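Each chain, letter by letter, is given below.
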Amino acid sequence: EVQLVESGGGMVQPGGSLKLSCAASGFSFSDHDITWVRQAPGKGPEWVSTINTGGATTYYAPTVKGRFSISRDNAKNTVYLQMNSLKFEDTALYHCMRGSSWSGDYWGQGTQVTVSS
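Analysis parameters
Residues numbered from 1 in each chain as written. Predicted model: local features only at pLDDT ≥ 70, side-chain atom pairs only at ≥ 80, totals over all residues. Heavy atoms only, no water. Buried < 20%, exposed > 50% of the residue type's maximum accessible area, 1.4 Å probe, protein only. Helix = DSSP H or I, 4+ residues; strand = E, 2+ residues; numbered from the N terminus. Pairing = 2+ DSSP bridges. Core = buried A, V, L, I, M, F, W, Y, C linked by side-chain atoms within 4.5 Å. Contact = heavy atoms within 4.5 Å. Axes fitted to C-alpha atoms, helices over the stretch in contact; angles between N-to-C directions.

(A) Molecular detail of the pairing of strand S4 (residues 34-39). Taking burial as the measure, the six residues of S4 include five buried ones, the bulk of the element. Pairing geometry for S4 and strand S5 (residues 46-51), over five bridges, is antiparallel. Residue Ile34 lies in a different strand from S5, and its bridge partner there is Ile51. Taken together, S4 and the strand that follows it, S5, pair antiparallel across an intervening segment of six residues, in which Gly42 is found at a positive phi of about 80°.

Next comes the structure, spelled out in structure tokens:
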């Protein structure tokens, strides 16, 4: 079965950093784009970033560009999201998803990121 498991979330002060991981199994990982989305309480999902199959092409939402960096290690079936200069508005449940923002078909359970002073 397809599985995506996020980890690395936690509480951090504004300006701090976190690195999220998305461990995948049950499918040919290197054949799929991977996307990070986030959802704050009471709000719908928000696209954050996408990385293509080989990792050479990346995309970022304007709100995180320059602060976040997505990468992948296909040998480990893992995608990462390095999050720097965190802001209050980054607080959300972060999910990884198989595919692009429009073609995604499987989500993980998510990992909580809370930015608070």
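Don't stop here, the text continues.
(B) Region of interest: the nonpolar core. Membership of the largest hydrophobic core comes to 26 residues, with the highest contact counts inside it found for Trp36, Phe68, Val79, Leu81, Met83 and Tyr94. No other element matches the four residues that strand S3 (residues 18-25) contributes to this core.

(C) Layout of the environment of Ala61. You can see Ala61 is positioned in the loop between strand S6 (58-60) and strand S7 (68-73). A C-alpha to C-alpha distance of 6.7 Å links Ala61 and Trp47, two positions 14 residues apart in sequence. Residue contacts for Ala61: discarding those within four places in its chain leaves Trp47 and Val48.

(D) Up close: the sheet that holds S7. Taken in spatial order, the four strands make up an open sheet running S1-S3-S8-S7, and their pairing is antiparallel. Each edge of the sheet is formed by a strand with only one pairing partner; in this case those strands are strand S1 (3-7) and S7. With strand direction ignored, the average angle separating the axes of adjacent strands in the sheet is 15°. In terms of strand pairing, S1 meets S3 through five bridges, oriented antiparallel. Bridge pairing in S3 links Leu4 to Ala24.

(E) Local environment of unusual backbone geometry. Although it is not a glycine, Asn77 sits at a positive phi angle of roughly 50°. Here Asn77 lies in the loop between S7 and strand S8 (78-83). Asn77 sits in the partly exposed class, given a relative accessible area of 26%. We note that Ser85 has phi near 50°; this positive angle belongs to a residue other than glycine. You can call Ser85 partly exposed: its relative accessible area is 40%.

(F) Quick peek at the environment of Lys87. With respect to the helices, strands and loops of the structure, Lys87 is situated in the loop between S8 and strand S9 (92-98). Accessibility expressed as a relative area gives 37% for Lys87, which makes it partly exposed. Lys87 sits 84 residues away from Gln3 along the chain, and the two C-alpha atoms are 30 Å apart. The contacts of Lys87, once residues within four sequence positions are left out, are Arg67 and Val115.

Note that all results are geometric; they support no functional claim without further evidence.
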